[in-house]
Amino acid sequence: MLSKIILFMYKKRIKFYQVLLVIYKRAIRIYDRHENKRGLFSVVKCGIKGFFSIFGLKIVYYRLDKENQYGDLFDAMTVSYDENDRFYYWIDEKIYFNNRRRPIGNMPVDYSLIVDNSMKTIKENIKTRGKNTEVYIKTIEYVEKYIDKICNELSKYNSENAKKIISNLKSMKDRPASDLYDALQRVLFWNAMFHQTGSVLVGLGRLDKVLNRFNFEDETEAKSLISEFCRMIHKNFEYKSQTMLGDTGQLIILGGLNPDGSYFCNKYTYLFIDAVKEIHLPDPKTLLRVSNKTPSELLQKAMESIMSGNGSPLLSNDDVIIPLLNEYGYKDDDAYNYAVSACWEPVIVGKSLDQNNLYNYSFAETFVKTIKELKNTENLGFNDIIKEYNENVDCALRKAMSDIDKTIWEETPLMSIFFEDCITSGVDLANGGAKYNNYGILTEGLANTVNSFLNLERIVYKEKRMSLSDIQHILKNNYKNNDTLRKELLNSSEYFGQDTEKILELTNQLFGMCKDGLKDKLNRYNGKYKVGLSSPSYLIDGTRTGATFDGRMKNTPLATHISCDKNLAYTELLSFAAQLNYCENGFNGNVVDIMVTPNLISSNFEKFISLIKAGIKQGFFQMQMNVISSETLIDAKSNPDNYRNLIVRVWGFSAFYVDLPTSYKDMLIERALKNEGKIA
Amino acid sequence: MIDDKVLIGNIQRFCVHDGDGIRTTVFLKGCDIRCPWCANPENQKTCIQKFIDDGVEKQYGKMMSQEEIIDIILRDKIYYENGGGVTYSGGEPLLNLNIIENVLKELKSEGISQWIETSLFAPTDYVLFAMNYMDNFIIDLKNICREQCKKYLSGDSDLYLKNFDIVVSKYKNAVVRIPVVEPYTYNSENIYKIIQLLKRYKDIRIQLFKVHNLGMSKYKNLNMEYSCFEEISDNDLVLLYNQLKAINDRVEIISL
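So, a few notes on the structure that sits alongside this text. (Residues numbered from 1 in each chain as written. Chains lettered and ligands numbered in written order. Predicted model: local features only at pLDDT ≥ 70, side-chain atom pairs only at ≥ 80, totals over all residues.)

Helices and strands together make up the secondary structure of chain B, namely nine helices and 12 strands. By the compact-globule yardstick of 18 Å for 256 residues, chain B fits well, its C-alpha radius of gyration being 18 Å. In chain B, which comprises 256 residues, the share counted as buried stands at 42%. In chain B, of all internal contacts separated by at least 6 residues, the share reaching a separation of at least 24 is 73%. (Helix = DSSP H or I, 4+ residues; strand = E, 2+ residues; numbered from the N terminus. Rg over C-alpha atoms; globule rule 2.2 N^0.38 Å. Buried ≥ 20, exposed ≤ 12 C-beta atoms within 10 Å, placed from the backbone. Contact = placed C-beta atoms within 7 Å.)

As structure tokens, this is what we get:
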């Protein structure tokens, strides 16, 4: 058993101290939950702490104010630098900064604050315009002290690189960034700080926009800096990963519409796309905000990157999204400045707390529950079932919102500094200080549910071949002795993704139930709820969802985002997605996910550009592509050593294929085979 | 009557191999010749063919109204920019193109580009009918040696050559597509004749492709005998490409 665990850790590149940290985190959470039994737990805690110190681990855990916790953290942190690196980027993975409550993350930060200002001017701004200023000022002063500490350590190195880093870090204190290098170093410094202080999935925001004012004469040098920056962001890949390796949220947002209606992109938009393609690593990822006005050459550049198989960029359609954001209540200019959470959920960078991935709602689970609990089935019409389903949706969402709203966030003055509204109100981001404080939920299994309802209506009410109680029995027994029926259901001629009136109507009806269930409800910060049709949990949640009437057996994966595994034409799927009703609160990430073989895309490059252009015009919300063949995936599963660099797109991020759990590999293989028409 | 249902093999959207741009391909059932390498045997007969696949009853072919066909084609209208449109294929689409005349008329009035992928083994009247509506032709060039054509394809090469001249004289930009498979199309006598023929039409586009052993499962479903053949080597394909390149600049090797 022990050897198996060690082998597993070796394969997954999990280090021993990381396991210890996980154990410690669990222990400390339990400790916090038992306020009245602290005596006993304190002894246990000291014991654990002592044990950890044997392995060189430091735990920063204090009952001090947050800003003083930062002070202690920076004191405890080591400084580590490789002389070959042009940038300084260091997360001390052996320090666990204990946040007693859930840390805020899963969103980008507006790094323009630190690029366009100095820490001195930021402090001045806080003093003149802010409230509750002491906490912010102190936080910045601790950061300044930490910068001094780094500079002192780096002064021991004699290299030009180290000298340049020192000069740049020092300059951060009293002047805005002066050039591209300076700006990139600042972004790296703060990105590391956020991760070090326990925030996870902290994205990089609209970097082309942040860097817009910096000109360069030497393009080769600029390219090299951007590539080096991207490599730095890839550092601590395992540390930053959440549910699985690659789930890091290191996302760069590029391009986008300006409030005056023109399209913004610059030389950095191109350089980042190129760099991410060339370094061919899972991190960082890119998202390109596209519009009908996006230049063709930029779309071509994006498609070249997608074609290389790294999964980036994800395309996000401003022409659809911005009006939806406006309608929802994000003010005009704010909507135009949207970024996304770690994957795809729109968020107003620098203005919203919006935690967009707080709950995964499963349409399929509600379907299973509804069918299971139907009574007096002989008297029920199809609309009665739909009504019953709707009530269950409402019920599940009420519970979800109630659970979500119990979340108390850990205060984060460090991040709050980057939110102007937190400064002026003096309220921490964690306590609702941001301008927008909306919550988002994600959904899964809509395709399974639509297909299940289509089959149910046809077989029970149109063809009258079976009764509802037959279906209850079949699903309960997971299609036992009904394999022919199961195959028939899998091969139904009508299914999710087809752009017919009937299927669109049913899909929008079910989506509408979810949107309505969340409408007009407010969270503790008076923020609203929103929902989207893409969720990371389609595989994990599938493993605990009963059989559905689309032929899917129990405990198997649910459908991925807005996708169709029935060899459906890309144009049809895009047309379907463009006709879904995302209005009101249905914009929390809606990704069309398609698989394409490398041969098809490389021999029809121009046609794929046309596909994307027309798809944008028609109005898909978002889109990502996995350019991979089943042949490669199957071979890579058997011979992982030959495919160490193979990258695939997993829900909203890219990852090394060899790092994925077997269940994900199998699911990708199955999807690829279906896409290529090799299996039904 | 526009509501009368007509027999259609299949309608496939987002086709990238059937002409310029993104196209919707309408497969019509029925074909008078029998190419031994045929990858679409389900479109040879002019009737619906049922079969059982893994215990599930399925069928090749369906009855559709012309309105339905138009509706499906127009759903992708936005994707037809950059030269895309609809392509009629088969089977031999010329044989039954008249059954969807309303579709042809409607799409013409909508300004949708209409192409046809044809073997040209059809009465000349049918070709002339198609020319009223088609914006371009993809012409399969298989075997034009009289004896071989009859033997391998059950086709009439004289009729073919007559139709070929009529079409290519009008459609200067026509695409001639040569399936390269030994010995049915790739033999010295036929290749010589093909080159002689193509020398006369300088403007046309020529596409070569290697024929693969495809469609085996369809033969099984249809209870038809499938005869495997040896695929031509890449070297031979390039050799042929070079011969054609010498007479026409617009030749390319494609992969289907």
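So that's the structure; there's more coming.
Within chain A one finds 29 helices and 18 strands. C-alpha atoms of chain A, sized along the principal axes, occupy 80 × 65 × 55 Å. A buried classification covers 49% of the 680 residues belonging to chain A. The contacts in chain A between residues at least 6 apart in sequence include a share of 77% that link residues at least 24 apart.

This part takes up the sheet that holds strand E12 (residues 360–362) of chain A. Residues and elements named next belong to chain A. Judged by pairing direction, the sheet is parallel, and its three strands sit side by side in the order E12-E13-E14 without closing on themselves. On the outer flanks of this sheet lie E12 and strand E14 (529–532), each paired with one strand and no other. Across the sheet, the axes of successive neighbouring strands diverge by a mean angle of 35°, strand direction being ignored. Sheet analysis places E12 next to strand E13 (residues 439–444), joined by three bridges and oriented parallel. (Pairing = 2+ DSSP bridges. Axes fitted to C-alpha atoms, helices over the stretch in contact; angles between N-to-C directions.)

Now for the sheet that holds strand E10 (residues 175–180) of chain B. All names here are of chain B. As summarised here, the arrangement of the eight strands in space is E2-E3-E7-E8-E9-E10-E11-E12, forming an open sheet in which the pairing is mixed. Every interior strand has two partners, whereas the edge strands, strand E2 (10–15) and strand E12 (251–254), have only one. Direction aside, neighbouring strands of the sheet carry axes that sit 20° apart on average. Two strands pair when backbone bridges link them, and strand E8 (residues 113–118) and strand E9 (residues 136–140) are joined in this way by four bridges, in the parallel orientation.

Below, the discussion takes up unusual backbone geometry. Residue A:Pro313 is bonded to the preceding A:Ser312 through a cis peptide linkage, with omega at -5°. Residue B:Pro183 is bonded to the preceding B:Glu182 through a cis peptide linkage, with omega at 0°. Tracing the chain through its elements places B:Pro183 in the loop between E10 and helix H7 (188–199). You will see that A:Glu584, though not glycine, has its phi angle at about 65°, which is positive. Counting through the fold element by element, A:Glu584 comes out in the loop between helix H25 (570–578) and strand E15 (591–596). Positive phi values are uncommon outside glycine, yet B:Phe14 reaches one of about 50°. Position of B:Phe14 among the secondary structure elements: in strand E2.

On to the interface of chain B and chain A, then. When the parts of a complex come together, some accessible area is lost, and that lost area is often used as the size of the interface. Each side of the interface is counted separately: chain B has 16 residues, and chain A has 18 residues. With three residues, the top contributor of residues to the side of chain B that touches chain A is E2(B). Partitioning the side of chain B that touches chain A into residue classes produces six nonpolar, five polar and five charged. (Nonpolar A, V, L, I, M, F, W, Y, C, P; charged D, E, K, R; others polar.)

Positionally, A:Glu572 belongs in helix H25. When the C-alpha atoms of A:Glu572 and A:Asp499 are compared, they prove to be 6.1 Å apart, with 73 residues separating the residues in sequence. Those residues within four positions of A:Glu572 in sequence are excluded, and the remaining contacts are A:Gly497, A:Gln498, A:Asp499 and B:Arg13.

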